[in-house]
Amino acid sequence: MDLRFTPEQDRFRAEARGWLEANAPSASKGTGPLPSLDTAAGFEAHRAWERTMFEAGWSVVSWPVEYGGRGAGLWEWLIFEEEYYRAGAPTRVGQNGIFLLAPTLFEFGTAEQRARYLLPMASGEEVWCQGWSEPDAGSDLAAIRSRATRSPAQSDTWVLNGQKTWCSRGAFAHWIFGLFRSDPVAERHRGLTYFLVPMNSPGVTVRPIAQLDGETGFAEVFFEDVEVPAAQVLGQVGEGWRVAMATAGSERGLSLRSPARYTEAAARLVELYRRTARADGDRDRGRAVRCADNVARAVIDAEAYRLHTYWTATRLVAGAGVGPEASMNKLFWSETDLLVHTTALALLGSEAEMLDQEGRPSPWLDGFLFALAGPIYAGTNEIQRNVVAERVLGLPRG
Amino acid sequence: MQFGFDEHQLEFRAQLRAFAEKECPPGALREAWASPLGWSRPRYEALAEMGVVGLTVPEEHGGMGLGLVDLVGLLEEAGRAGLPEPLVETTALGVPVLVQAPGAQGEVLRARWLEAVATGAAAIAVGTASMPAVPGAQGADLLLLEREGELHAVPAAGVVLTPRPVLDGSRRLAKVDWEPSPATLVVSGFEAEGFVTALEDRAAMGTGAVLVGVADRLISMAALYAGQRSQFGKPIGSFQAVKHHLVNALVRVEFARPVVYRAAWSLSEGDPDARLHASMAKAMASEAATVAARTALQVHGAIGYTWEHDLHLWMKRAWALAAAWGDAAAHRARVLEILVGRRA
């Protein structure tokens, strides 16, 4: 056991920190924060930031050099994430592609597919959204009904029909990756195929949906006789469930949720606690005292998540895989995120509900609204608990 | 960065698990409850023979010469098995005090006690000034006792014990009456403060490790029972209400574990944040064990509420150790105090 980073890793951290300090949009430099990425202007500003990172080689540090990365290891990726959140850099507009689709492309994609999709994904030129949920298929994802049929005219073309919903970034994204039922008679997990579809294809209609904060963070996407070449099937026909579950593991586990997000938020929570405890004009002097235990809980949980990630990363670097424990990760980070933000709002007291002059929530309120989604997306926490109960504790299926 | 145990550490741990399964089944635990000491001398000697008791004793005194990172997984196994022998007190707390004791007194203490610990002939108990009664005092051959800014090493012959019965029948607490003398003095003043602080931190980490093992055992017992017990024509473990209770407890344990391991590393490396890390460990472990105990009882239902069922052997250990050396809330308060003080 050795919980120190190597001198090379320390140098990597210093380089990342230096570059982010010099380049990340920030209020002090007058370049940030960027407008919300769920507005047309904010989306473009976030794409421009992705481009800046890509050109300096920081967009996808862990990818091979030929796809725009540095070929860095898992530890370097975690270090970069720590520095990224430390710098308060913008939310990654390309995260659905970079963190969810890319690992699947590396595992299941053909050489041609990797060559076609990864570079524009890394540069922010093409932003991806996810097309999994449907109006009648949420927690029960295998109930999806959107279908794929072979074109009667051209054998190497598929025709997609149906409806996807809750597609994050769907209002502005260029591409969607999604599951469609290609075999209506097969067992329901077996007749699915994973497709990559341009959002500007004829027959695709996007209806943005306003979220709790009033912005169109997700969308419904309708497919009406949308033609897709067979080259845009990811993995084998009928293997979509297995391919998709590989992506789901990424979403629940390591890749989307780096611990830096929580440790940084927890550090800011301690600052907020200190300010609240010292506030002279506070009419409610007991607030900090009442919140103290939850502040400590939030800080310790965030640290526990970081350490658990390091524990897992050590195993992954040694060649182990991620199993159903990814579902435990998801339960823990989503609840930690909520604890951090509900505690912050409690510390803010009557200021918590206030919006700024432009009608935008404060960072803590915004973070709270975002944290509320955590236990719902990427498979609800109730589904995750079932997965852990059955696959880790060995309890019988219901 | 290498956050895992090496082959030797894993192998030692597996050995201890096999030993405990054979030598300390629930029936043996019940015998310990009924015995005067609350634990078994022969089993303690067997643990010493394996190298567990003398793990932290330097090799020149007949020990393994290993550290807290080597010990932490063994303490977790001890908790899992419910081993009542005083490993935290002797191996994690007492031995390092003897190893670091300064001056001629240190030489005398090492010569007198370290080999005796390594062979299983001696057990140690520790009582700090804030403790109303000392755990394991009855079976201890040497007591390390704090009073008025001094740390003393007092042989069993020099103390008068008034037993204080407690709920967990494998714990023997006693009020200790004793007279400090120049012959018993180990350290005083600023130095004693450092010794006691380090003792508390090792106790938080070591007790946390035992608690993680206890919690793990409680959840395993409940999961096994939930798979066997049928109601409404199916195993109760197939109901989501039961599953979700158990998973919530499991998640607390799963995330407490690396925090405890990290505390062991920080303490053995002398990391400046070691006290912070030890408090994080105890806060997480106490909470995990408390949740696991509550959950395991609820999943078992009425059968878990009986004396006959083994569940209470671990449940009572969880309650006692969750409160010992500072409960979860006390350690959370310390964590916040350290963090707020640090950047002010």
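Residues numbered from 1 in each chain as written. Chains lettered and ligands numbered in written order. Predicted model: local features only at pLDDT ≥ 70, side-chain atom pairs only at ≥ 80, totals over all residues.

A look at the overall build of chain B
Part 1: Assigned secondary structure in chain B consists of 11 helices and 9 strands.
Part 2: In terms of C-alpha radius of gyration, chain B reaches 20 Å, essentially the compact-globule figure of 20 Å for 344 residues.
Part 3: When its C-alpha atoms are laid out on the principal axes, chain B stretches across 70 × 50 × 40 Å.
Part 4: Counting across all 344 residues of chain B, residues that qualify as buried make up 55%.
Part 5: Within chain B, contacts between residues at least 6 apart in sequence are counted, and of these 71% link residues at least 24 apart. (Helix = DSSP H or I, 4+ residues; strand = E, 2+ residues; numbered from the N terminus. Rg over C-alpha atoms; globule rule 2.2 N^0.38 Å. Buried ≥ 20, exposed ≤ 12 C-beta atoms within 10 Å, placed from the backbone. Contact = placed C-beta atoms within 7 Å.)

With respect to the interface of chain B and chain A
Part 1: Listed per partner, the contact involves 38 residues of chain B and 39 residues of chain A.
Part 2: For the side of chain B that touches chain A, the element with the highest residue contribution is helix H8 (residues 240-269) of chain B, accounting for 14 residues.
Part 3: Tallied by class, residues from the side of chain B that touches chain A come to 27 nonpolar, 7 polar and 4 charged. (Nonpolar A, V, L, I, M, F, W, Y, C, P; charged D, E, K, R; others polar.)

Here's the deal with the domain arrangement of chain B
All names here are of chain B.
Part 1: Domain parsing of chain B yields domain 1 (7-188) and domain 2 (191-343).
Part 2: Facing the 30 residues of domain 1 at the interface are 31 residues of domain 2.
Part 3: Every element with two or more residues in the side of domain 1 that touches domain 2 is listed here: helix H2 (26-34), helix H4 (68-81), helix H5 (87-100), strand E4 (150-155) and strand E7 (185-188).
Part 4: Broken down by element, the residue count for the side of domain 1 that touches domain 2 peaks at 9 residues, all from H4.
Part 5: Looking at the side of domain 1 that touches domain 2, its residues break down into 17 nonpolar, 6 polar and 7 charged. (Domains from an automatic or database assignment.)

A few points about the sheet that holds strand E2 (residues 134-135) of chain B
Part 1: As summarised here, the arrangement of the 3 strands in space is E2-E6-E5 (chain B), forming an open sheet in which the pairing is antiparallel. Across the chains shown, the open sheet's two edge strands, defined by having one partner strand only, are E2 and strand E5 (159-164) of chain B. (Pairing = 2+ DSSP bridges.)

So, the domain arrangement of chain A
Size of an interface: often given as the accessible area lost when the parts come together.
Residue and element names in this part refer to chain A.
Part 1: Split by domain assignment, chain A resolves into domain 1 (7-93), domain 2 (128-240) and domain 3 (253-391).
Part 2: Taken over C-alpha atoms, the centre of domain 1 sits 30 Å from the centre of domain 2.
Part 3: Taken together, the contact between domain 1 and domain 2 spans 6 residues of the former and 5 residues of the latter.
Part 4: Broken down by class, the residue content of the side of domain 1 that touches domain 2 amounts to 3 nonpolar, 2 polar and 1 charged.

Considerations on the pairing of strand E4 (residues 175-181) of chain A
All names here are of chain A.
Part 1: Among the 7 residues that make up E4, 7 are buried, leaving the element largely enclosed by the rest of the structure.
Part 2: Of the two faces of E4, the one lined by Trp-175, Phe-177, Leu-179 and Arg-181 and the one lined by Ile-176, Gly-178 and Phe-180 are each fully buried.
Part 3: The sheet contact formed by strand E1 (residues 128-131) and E4 spans 4 bridges and is parallel. Along E4, the bridge assignment pairs Gln-130 with Phe-177.
Part 4: Pairing analysis gives 7 bridges linking E4 to strand E5 (residues 192-198), with the strands arranged antiparallel. When the sheet's bridge partners are listed, Leu-179 is paired in E5 with Tyr-194.

Considerations on helix H2 (residues 40-55) of chain A
Residue and element names in this part refer to chain A.
Part 1: Taking 1.5 Å of rise per residue, 16 residues should cover 22 Å, and H2 covers 23 Å from first to last C-alpha, within 8% of that figure.
Part 2: Three or more residues of H2 are buried, namely Phe-43, Ala-45, His-46, Arg-47, Trp-49, Glu-50, Met-53 and Phe-54.
Part 3: Buried-residue contacts for H2 involve helix H5 (111-123).
Part 4: In the segment just after H2, Gly-57 is the residue with positive phi, at about 80 degrees. (Expected span 1.5 Å × (residues − 1).)

Describing the packing of helix H1 (residues 7-23) of chain B against helix H3 (residues 41-50) of chain B
Residue and element names in this part refer to chain B.
Part 1: At a minimum axis separation of 12 Å, H1 and H3 run at an interaxial angle of 160 degrees. When the axes of H1 and H3 are compared, the pair comes out roughly antiparallel. Along this stretch, H1 crosses H3, giving a crossing that reads as right-handed. Taking contact as the criterion, the partners of Gln-15, Leu-16, Phe-19 and Glu-23 in H1 are, on H3, Arg-43, Ala-46 and Met-50.
Part 2: Partitioning the contact of H1 with H3 into residue classes produces 4 nonpolar, 1 polar and 2 charged. (Axes fitted to C-alpha atoms, helices over the stretch in contact; angles between N-to-C directions. Parallel < 35°, antiparallel > 145°, perpendicular 65-115°, else oblique. Left-handed = near helix turned anticlockwise from the far one by under 90°.)

Quick word on the packing of helix H9 (residues 325-348) of chain A against H8 of chain B
Part 1: Two elements in contact, H9 of chain A and H8 of chain B, have axes separated by 10 Å at closest approach and are oriented at 90 degrees. Taken as axis vectors, H9 of chain A and H8 of chain B run roughly perpendicular relative to one another. Facing H9 of chain A, whose interface residues are Met-328, Leu-331 and Phe-332 of chain A, H8 of chain B presents Val-251, Glu-254 and Phe-255 of chain B.
Part 2: Per-class residue counts for the contact of H9 of chain A with H8 of chain B are 5 nonpolar, no polar and 1 charged.

Description of the sheet that holds strand E1 (residues 124-127) of chain B
Residue and element names in this part refer to chain B.
Part 1: With respect to topology, 4 strands assemble into an open sheet ordered E1-E3-E4-E7, the strand pairing being mixed. Strands with a single pairing partner mark the edges of an open sheet, and in this sheet they are E1 and E7. Averaged over neighbouring strand pairs, the angle between their axes works out to 15 degrees when direction is ignored.
Part 2: Taken together, the 4 bridges between E1 and strand E3 (residues 142-147) define a ladder with parallel strand orientation.

Comments concerning the environment of Pro-180 of chain B
Residue and element names in this part refer to chain B.
Part 1: In this structure, Pro-180 sits in the loop between strand E6 (173-178) and E7.
Part 2: Spatially, the C-alpha atoms of Pro-180 and Arg-334 are 31 Å apart, while their sequence positions differ by 154 residues.
Part 3: Discounting chain neighbours no more than four positions away, the residues touching Pro-180 are Arg-147, Glu-150, His-152 and Leu-185.

Things to note about unusual backbone geometry
Part 1: With a phi angle near 50 degrees, Asp-225 of chain A is a residue other than glycine that sits in the positive phi range.
Part 2: By the element assignment, Asp-225 of chain A lies in strand E7 (residues 218-229).
Part 3: Under the C-beta neighbour-count criterion, Asp-225 of chain A is labelled exposed, with 11 such atoms within 10 Å.
Part 4: With phi around 55 degrees, Trp-325 of chain B is a residue other than glycine that occupies positive phi space.
Part 5: With respect to the element layout, Trp-325 of chain B can be found in the loop between helix H10 (311-323) and helix H11 (328-343).

Thoughts on the nonpolar core
Part 1: Leu-218, Leu-246, Val-260, Ala-292 and Ala-318 of chain B are the most contacted members of the largest nonpolar core, which totals 157 residues.
Part 2: A per-element tally of this core places helix H7 (residues 189-228) of chain B first, with 19 residues.
Part 3: Filtering out sequence-adjacent residues up to four positions away, Ala-292 of chain B remains in contact with Ala-215, Leu-218, Ile-219, Ala-249, Val-253 and Ala-318 of chain B.
Part 4: Within the second largest apolar cluster, 70 residues are counted, among which are Phe-43, Leu-160, Leu-179 and Trp-241 of chain A. (Core = buried A, V, L, I, M, F, W, Y, C linked by C-beta atoms within 7 Å.)

Re the environment of Val-127 of chain A
Residue and element names in this part refer to chain A.
Part 1: Relative to the helices and strands, Val-127 resides in the loop between H5 and E1.
Part 2: C-alpha of Val-127 to C-alpha of Asn-96: the two residues are 31 residues apart in sequence and 8.0 Å apart in space.
Part 3: Every residue in contact with Val-127, bar those within four places of it in the chain, is listed here: Arg-47, Val-93, Gly-94, Gly-97, Arg-169, Phe-172, Ala-173 and His-174.

Quick word on the pairing of strand E2 (residues 147-150) of chain A
Side-chain direction in a regular strand flips from residue to residue, so the side chains alternate between the two faces of the sheet.
All names here are of chain A.
Part 1: As defined by bridge partners, E2 adjoins strand E3 (residues 157-168) across 4 bridges and the pair is classed as antiparallel. Each residue of the ladder has a partner; that of Ala-148, found in E3, is Leu-160.
Part 2: Remark: 6 residues form the turn of the hairpin made by E2 and E3, two consecutive strands paired antiparallel.

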